[in-house]
Amino acid sequence: MKKYKKIFGIIFMCLIVFFAVNLKADSGWDGSYGGGGSSSSSGGSSWSSSSGGSYSSGSDNPIINIIVLIIFVYIIYKSMTKAKTQNKVTTDMKYKISPIKIEVIKEVLPDFDKNQFRQTTFKIYKDIQEAWMEFDYETLKENTTNELYNTYRSELIALKAKKQKNIMKDFELLDFEIVDMEKGIENISLKIRALIKCYDYVIDKNEKVVRGTDKRKVVYNYEMTFTKGLSKNKNKCPNCNAPLEKENTSICPYCNSTVINTNYDWVLSKKQMISQEME
């Protein structure tokens, strides 16, 4: 369908040019050229065309018109071909990255499985996006670091104040690669590049689309970092020794102390959009 639209567009533009080159354009050059009404010549005569005082850009020769039309069509064709080629090269190069060797990760996580990690992180991503859509703060907190959660929470409060809702659905993971690793004293972080396609648009209280479109999906090129605690000890409150949930940050239900846990599963710590394009 897109191909036919381009063809019709070219034909339409060609017709415009065909009629344009047959029009004699009188652009006001029929009088004196110069400020204050003075002529451009030193002898007092005005500058004019040989056709009686008007400047004509058209041609009465049909062969010349056809040649001009052919040249114009060729220029349009080459421009569209070049643009398409450049876009393909950009898209291809955009995802050419250097993956980290799995053996390096297994030195820290001996049981690490790339496919399992891919499924886990994609699920975390979807859970976060759906929680964002539903203003589900608890799910956001379970799947993000404390810093990222606070950022998301403040953004959602602003969105809710506008009585708007960000719809994100029908996620597809098109590409995935682990590109870097950083090991801390108590945690390990893996940076990934992911190509994800989904619907992404904003609606108001009347469910009217106010930003984006619900007709086409968007392809996002993400760089995301997921962090995991390395401690195998059970999470306990150091103040009252109560057992805590497996999150990177917990509020003790008994003494209300804020505790940074060292034993937690993968959570999202950073997300950056490298680029995006419509499907």
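Structural data are supplied above this passage.
Along each chain, residue indices are assigned from 1 in the same order as the chain's sequence is written. Reporting in this predicted model follows two pLDDT cut-offs: at least 70 for local features of residues, and 80 or more for side-chain atom pairs to be given and counted; totals over whole chains, interfaces and linings ignore these cut-offs and use all residues. With hydrogens and water set aside, each side-chain value is computed from the structure's full complement of heavy atoms.

Undergrad: What is the right way to look at the sheet that holds strand E2 (residues 187-203) in this model?
TA: Within a sheet, adjacent strands bond to each other through the backbone by hydrogen bonds, running parallel or antiparallel. DSSP-based pairing: two strands are paired if at least 2 bridges between them are found. Helix and strand assignments come from DSSP, with helices taken as H or I runs of at least 4 residues and strands as E runs of at least 2, each series counted from the N terminus. In spatial order, the strands read E1-E2-E3-E6; together these four strands make up an open sheet with antiparallel pairing. Each of the sheet's edge strands pairs with one partner strand only, and the pair in question is strand E1 (165-183) and strand E6 (267-278). Taken pair by pair, the neighbouring strands of this sheet meet at an average axis angle of 20°, ignoring direction. Bridging between strand E3 (residues 209-229) and E6 involves 10 bridges; their strand directions are antiparallel. Axis lines are fitted to C-alpha atoms, over the contacting stretch for helices. Their N-to-C directions set the angle, which ranges from 0 to 180 degrees.

Undergrad: Can you help me understand the side chain of glutamine 129 in this one?
TA: Within the secondary structure layout, glutamine 129 lies in helix H4 (residues 114-133). Type-normalised accessible area, obtained with a 1.4 Å probe on protein chains alone, sets the label of each residue: buried when under 20%, exposed when over 50%, and partly exposed for intermediate values. Overall, the relative accessible area of 5% leaves glutamine 129 in the buried class. Here a residue-residue contact requires only that any non-hydrogen atoms of the pair lie within 4.5 Å. Residue contacts for glutamine 129: discarding those within four places in its chain leaves Met168, Phe171 and Lys271.

Undergrad: Explanation requested: the environment of methionine 273 in the structure shown.
TA: Relative to the assigned elements, methionine 273 resides in strand E6. Overall, the relative accessible area of 39% leaves methionine 273 in the partly exposed class. Along the sequence, methionine 273 and glutamate 223 sit 50 residues apart, while their C-alpha atoms lie 6.3 Å from each other.

Undergrad: So what exactly am I meant to see when it comes to the pairing of E1 here?
TA: In the case of a regular strand, side chains alternate between the two sheet surfaces. Looking at chain direction, E1 and E2 are connected through 15 bridges and run antiparallel. In the sheet register, glutamate 177 faces E2, and the bridge partner there is arginine 193. Adjacent in sequence and paired antiparallel, E1 and E2 are bridged by three residues.

Undergrad: Got a minute to help me understand empty space enclosed by the protein in this structure?
TA: Over the atoms rolls a probe the size of a water molecule, and in doing so it shows where empty space is left. Here a cavity denotes a set of grid points, spaced 1 Å apart and computed over the protein atoms alone, in which a 1.4 Å probe fits but from which it cannot get out, and a pocket denotes an open set meeting protein on both sides within 12 Å along at least five of seven lines; residues with an atom within 4 Å of a point are reported as lining. Grid points are joined across faces, edges and corners, and a volume is the space filled by probe spheres set on the points. Tallying each qualifying case throughout the model produces two cavities of 30 Å³ or more. Put simply, the second largest cavity is a space of about 40 Å³. Taken together, Arg118, Thr121, Phe122, Tyr125, Leu173, Phe176, Ile192, Ala194, Ile196, Met224 and Phe226 form the lining of the second largest cavity. Mapped onto the lining of the second largest cavity, the elements with two or more residues apiece are H4, E1, E2 and E3. Among the elements that make up the lining of the second largest cavity, the one with the highest residue count is H4 (four residues). Under the scheme applied here, ten amino acids are nonpolar (Ala, Val, Leu, Ile, Met, Phe, Trp, Tyr, Cys and Pro), four are charged (Asp, Glu, Lys and Arg), and all others, including Gly, are polar. Residues of the lining of the second largest cavity, tallied by class, amount to nine nonpolar, one polar and one charged.

Undergrad: What should I look at first to understand the packing of aromatic side chains in this one?
TA: Aromatic ring pairs are described here by two measures, namely the spacing of the ring centres and the angle between the planes. Within 6.5 Å between ring centres, the rings of Phe, Tyr and Trp (the latter by its six-membered ring) count as paired, and their orientation is classed by plane angle as stacked under 30 degrees, edge-to-face over 60, tilted in between. All told, the structure shown has eight aromatic pairs when counted by the stated rule. Here tyrosine 125 and phenylalanine 171 contribute two aromatic rings whose centre-to-centre distance is 5.7 Å and whose plane-to-plane angle is 85°, an arrangement assigned as edge-to-face. Note that tyrosine 125 is positioned in helix H4 and phenylalanine 171 in strand E1, a separation of 46 residues in sequence. Judged by relative accessible area, which is 1%, tyrosine 125 ranks as buried.

Undergrad: I'm lost on the nonpolar core in this one. Help?
TA: General note: in soluble globular proteins, nonpolar side chains tend to be found buried as a group. Note on terminology: a nonpolar core comprises buried Ala, Val, Leu, Ile, Met, Phe, Trp, Tyr and Cys residues joined through side-chain atoms within 4.5 Å. In terms of nonpolar packing, the biggest core is built from 37 residues, with Phe117, Ile178, Ile196 and Met224 touching the most fellow members. Counting residues per element, the ones that place at least two in this core are H4, helix H6 (146-161), E1, E2 and E3. Broken down by element, the residue count for this core peaks at seven residues, all from H4. Formed by five residues, the second largest nonpolar core is a distinct cluster that contains Met133, Ile167, Tyr199 and Ile203.

Undergrad: Whenever I open this one, the environment of isoleucine 124 confuses me. Can you help?
TA: Counting through the fold element by element, isoleucine 124 comes out in helix H4. The class of isoleucine 124 is buried, set by a relative accessible area of 6%. C-alpha of isoleucine 124 to C-alpha of leucine 268: the two residues are 144 residues apart in sequence and 7.5 Å apart in space. If near-sequence neighbours (up to four positions away) are discounted, isoleucine 124 is found in contact with Asn143, Phe226, Trp266 and Leu268.

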